[in-house]
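What follows is the residue order along each chain.
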Amino acid sequence: MTTSPIGSDTLRIDGPRKVTGLAQYTSDFNFPGMLYAVPVEAIIANGKLVALDTAAAEKMPGVRAIFHRANLGKIFRSTPAPGFDRVCLERRPPFEDDVIRYYGQYIALAVADTFEAAKAAADAVRATYSKEKPNVESRLEAGDDPDVVFTGYGPVPRLQSHRGDAAAAFDSAPVKLDETYVTPAETHNPLELHSSTAMWDGERLTLYDSTQGVVNMRSVLAQMFGLPKENVRVIAKFLGSGFGGKLYPWTHVPLAVAAARQLGKPVKLVVSRKMMFQTVGHRARTQQRIRLGATHEGKLLSLQHDYVYHLSMIDHYHEDCGEATPFHYSVPNLRVHFGRARRNIGATADMRGPGAVPGLYATESAMNEMAERLKIDPVRFRLFNEPKIDESNKLPFSSRHYVECLNLGAEKFDWSKRTPAVGSMKQDGLTLGWGMAGAAWIAGRFAAEANMQLRDDGSVRIACATQDIGTGTYTILAQLASQKTGVPVDKIEVDLGDSALPDGPISGGSLATSSVIPAVFKAADQAITSLMIVAVSTPGSHFLGHKPEDLAFEGGHIFVKAEGVAKGVAFGDVLRQANARLVTGSGSSEQTAFAPNPKFSMHSFGCHFVEVTWQPEIARLRVSRVVTVMDAGHILNPLTGRNQIQGAVVMGIGMALFEETTYDPQNGAPINSNLADYIMTVNADAPPIDVHFLDYPDKEINELGARGIGEIGLAGIAAAITDAVHHATGVRVRELPVKIEDILAAPLKT
Ligand code: MOS
């Protein structure tokens, strides 16, 4: 009998395929007669395309076509739908009009026999523009928007949350804080570039795509090309991550599909690293004013969170910085309000912990600054303002252990040794800075379906059209199937990343794991019931004459309850005796995330404790140690779970110290659009990261009590780092990332 793989460190079942190169990523797939497409990018950010000269490019060797508005054929707009279906953040199809709204917008597409020929042809296309000065202003002021704005999630009131009288309570508060925090535009830089290979067979379309959502991609493409969705199949077997940038289709996808339709050949389009900064989404720049009022004892009286984010000229992505603000702390008077600033930039998009991550940077930084003003330890300040319920909607939390996170983190970090004075802690000739912050992220489920097969050779197959973006979904599905069938994880075949399989969730919102659990378990139960019917009805079977309800299933064996599992028969034997290759079961689970009338407030919580070292003599700042505690429900696989949190912390070091997409005010181009100039955390920047999970099952979410952990690790970490920087240097940086010139001004004394 195997022990349960749930909750134990389980190696990735796809690991060997990845490290031996057998795993096929989207652009690894090649097809007979396949052509290569390279888009032509606009080199202005505001204006019109007046003329396009493709003559020279068309004559180049190996070139099959130069497509543009006049010859690409029809691409329809996709339309929004409820329930996270047909999501597409840039709804204007490529080439729909001649208006250029951001730098790098595709204006033509070169298709050739080789990638090199296509690239040369794309470079040879000449465009004439009428140009206007682009608006890429980094200072954000709310534009003229109605009180309720349309966003990708439907209508959203700009007064997002309010209770009491926040302004009056602020005015009369004994201790006040009024500061503005800025987070820059950030670009998703997964290792794997976006890639689409499209091929048509009559009216049927197959697309290999590096997508975090094959089912949604299918729905969007069916609309864009006017097809029944059964005619569209989207495949994504392995992804080199996505961070939200690959959740939904971008404009290169319909370009590849349309080109394949026109030429009657498979067409592969791989987006370049430079294009990744222009046409496939980015995290919005935000500017967030936080006003806090408190008593001298440290009780919060008022919290006002007013934020503005930038967005493209015609899209609607909502960077929900106020997501965690209304419930994170107890405060009787609160107001969260937002505005939007339109810019000549590509569409903004979800990026790991969208909204909450920039939002918590601001609110948690303000909490730290307020604690300093109050001369109260920042952990104690938070404990003192712990809410009993979600005060924004008066609902109980399904499972909240934030206090324990803070206490455990402080203990593991040795926080009680912190001396609060700036520059007061030294070690080996270095100045230490210690900072901390809290974290929160949404919890819930998307709709999901799954199918399970139990087979006569004792093997199991589990199928679901979700994806593994590198987070471990292959392994989680195998663990879930193993739990129900008793078959070891390495004997379970997991099929995902194909829209032909039962509909699965996007790999997004950190919700994939919580979403698939009920569906997989129901599928397993149905397959086992089917097996029992086979067992009692097969001539010569040990179980002949019993009723299915007399039987039980455990550890891969079927047995008569009254006889006990010792007299059980392996399910493969039962099937072989019946000359049945397999039994199957299907299961589904409904969406609970973003439900209109929830019974509980469901979130994950956590905190980070950070140490930086500072050498004022050479202005050298390093993050030297991180302790992170997460309350994310039951952790199904602590090994892949820790990996995710560590990865998020590494990304958070980048958010705090390095990452920023900068726009050229002259032509509107993201100017650091490459991996040399867009600085990210590398191994040498990554300190020891000590991750702890509280592991309280949240039974409101699913039967295993598992929430999700992809994104929460990035929440709060930047606030913890900037607070540690202040503790070491005396400099409060309120505009990310912390730059060397910000802290060069730090006094050498201390
Ligand atoms: Mo995550 S930003 O939902 O991929």
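Residues numbered from 1 in each chain as written. Predicted model: local features only at pLDDT ≥ 70, side-chain atom pairs only at ≥ 80, totals over all residues. Heavy atoms only, no water.

A. Inspection of the overall build of the chain at higher detail. Helices and strands together make up the secondary structure of the chain, namely 17 helices and 29 strands. Its C-alpha atoms give the chain a radius of gyration of 27 Å, near enough to 27 Å, the size a compact globule of 750 residues would have. Seen through its C-alpha atoms, the chain measures out along the principal axes to roughly 85 × 75 × 50 Å. Per-residue burial over the chain gives 61% buried out of 750 residues. Contacts spanning at least 24 positions in sequence make up 80% of the contacts within the chain whose residues lie at least 6 apart. Accessible surface for the chain amounts to roughly 27,700 Å². Of this, 53% is attributable to carbon and sulfur atoms. (Helix = DSSP H or I, 4+ residues; strand = E, 2+ residues; numbered from the N terminus. Rg over C-alpha atoms; globule rule 2.2 N^0.38 Å. Buried < 20%, exposed > 50% of the residue type's maximum accessible area, 1.4 Å probe, protein only. Contact = heavy atoms within 4.5 Å. Areas by Shrake-Rupley, 256 points an atom, 1.4 Å probe, with all protein chains shown as cover.)

B. Fine view of the packing of helix 12 (residues 473-485) against helix 13 (residues 512-537). Two elements in contact, helix 12 and helix 13, have axes whose closest approach is 10 Å; the angle formed by their N-to-C orientations is 35°. Where helix 12 crosses over helix 13, the two elements pack in a sense that is right-handed. Across the interface between the two elements, I476, L477, L480, A481, Q483 and K484 from helix 12 touch T513, V516, I517, V520, F521, A524, D525 and I528 from helix 13. Classifying every residue of the contact of helix 12 with helix 13 gives 10 nonpolar, two polar and two charged. (Axes fitted to C-alpha atoms, helices over the stretch in contact; angles between N-to-C directions. Left-handed = near helix turned anticlockwise from the far one by under 90°. Nonpolar A, V, L, I, M, F, W, Y, C, P; charged D, E, K, R; others polar.)

C. Molecular detail of the sheet that holds strand 9 (residues 159-163). The sheet built from five strands is open, its strands ordered 9-17-16-15-10 with mixed pairing. Each edge of the open sheet carries a strand with a single partner, namely strand 9 and strand 10 (175-183). Each neighbouring strand pair of the sheet contributes to a mean axis angle of 10°, computed without reference to strand direction. The pairing of strand 15 (residues 286-294) with strand 16 (residues 300-311) spans nine bridges and is classified as antiparallel. The partner of T286 across the bridge, within strand 16, is Y309. In this fold helix 9 (residues 356-374) packs onto strand 10, strand 15 and strand 16, with an angle of close to 145° to the strand it touches most, strand 10. (Pairing = 2+ DSSP bridges.)

D. A look at the sheet that holds strand 18 (residues 425-427). Taken in spatial order, the five strands of this open sheet run 18-19-27-28-29, and their pairing is mixed. Two strands in the sheet have a free side with no partner beyond their single neighbour: strand 18 and strand 29 (689-693). Across the sheet, the mean angle separating the axes of adjacent strands is 30° when strand polarity is ignored. In terms of strand pairing, strand 18 meets strand 19 (residues 430-442) through three bridges, oriented antiparallel. Along strand 19, the bridge assignment pairs M425 with L432. Here helix 11 (residues 402-413) sits on the sheet and contacts strand 19, strand 27 (603-615), strand 28 (620-631) and strand 29; the angle it forms with strand 27, its principal contact strand, is near 25°.

E. Molecular detail of helix 15 (residues 638-657). The terminal C-alpha atoms of helix 15 lie 28 Å apart, and with 20 residues this matches the ideal 28 Å at 1.5 Å per residue to within 8%. Extensive coverage of helix 15 is indicated by the burial of 14 of its 20 residues. (Expected span 1.5 Å × (residues − 1).)

F. Representation of helix 6 (residues 252-263). Between its first and last C-alpha atoms helix 6 spans 16 Å; for 12 residues at 1.5 Å apiece the expected length is 16 Å, and the two agree. The buried fraction of helix 6 amounts to nine of the 12 residues, a majority that puts the element mostly inside the structure. Among the residues of helix 6, H252, V253, P254, L255, A256, V257, A258, A259 and A260 are the ones counted as buried. Taken together, the buried residues of helix 6 touch strand 3 (63-67), strand 5 (106-112), strand 11 (195-201), strand 12 (204-209), helix 5 (214-224) and strand 14 (267-270).

G. Representation of the pattern of salt bridges. Following the criterion strictly, the structure yields 43 salt bridges and no others. Among the ionic pairs, E735 bridges to R285, the shortest N-O distance being 3.1 Å. Placement of the pair is E735 in the loop between helix 16 (717-729) and helix 17 (740-744) and R285 in the loop between helix 7 (273-276) and strand 15, with a sequence separation of 450 residues. For R285, a relative accessible area of 11% corresponds to the buried category. The salt bridge involving R581 is made with D456; its shortest N-O contact spans 2.6 Å. Of the two residues, R581 sits in the loop between helix 14 (571-577) and strand 26 (582-589) while D456 sits in the loop between strand 20 (448-455) and strand 21 (460-463), which places them 125 residues apart along the sequence. If you follow the salt bridges from partner to partner, you end up with E179, E369, E372, R373, D723, R732 and R734 in one network. (Salt bridge = Lys/Arg side-chain N within 4 Å of Asp/Glu carboxyl O.)

H. Representation of the environment of R283. Of note, R283 is situated in the loop between helix 7 and strand 15. Taking the C-alpha atoms as reference, R283 lies 24 Å from T466; in sequence the two are 183 residues apart. There is a polar contact of 2.9 Å between the side chain of R283 and the backbone oxygen of R352. (Polar contact = N/O pair within 3.5 Å; in protein donor to acceptor, adjacent residues only side chain to side chain.)

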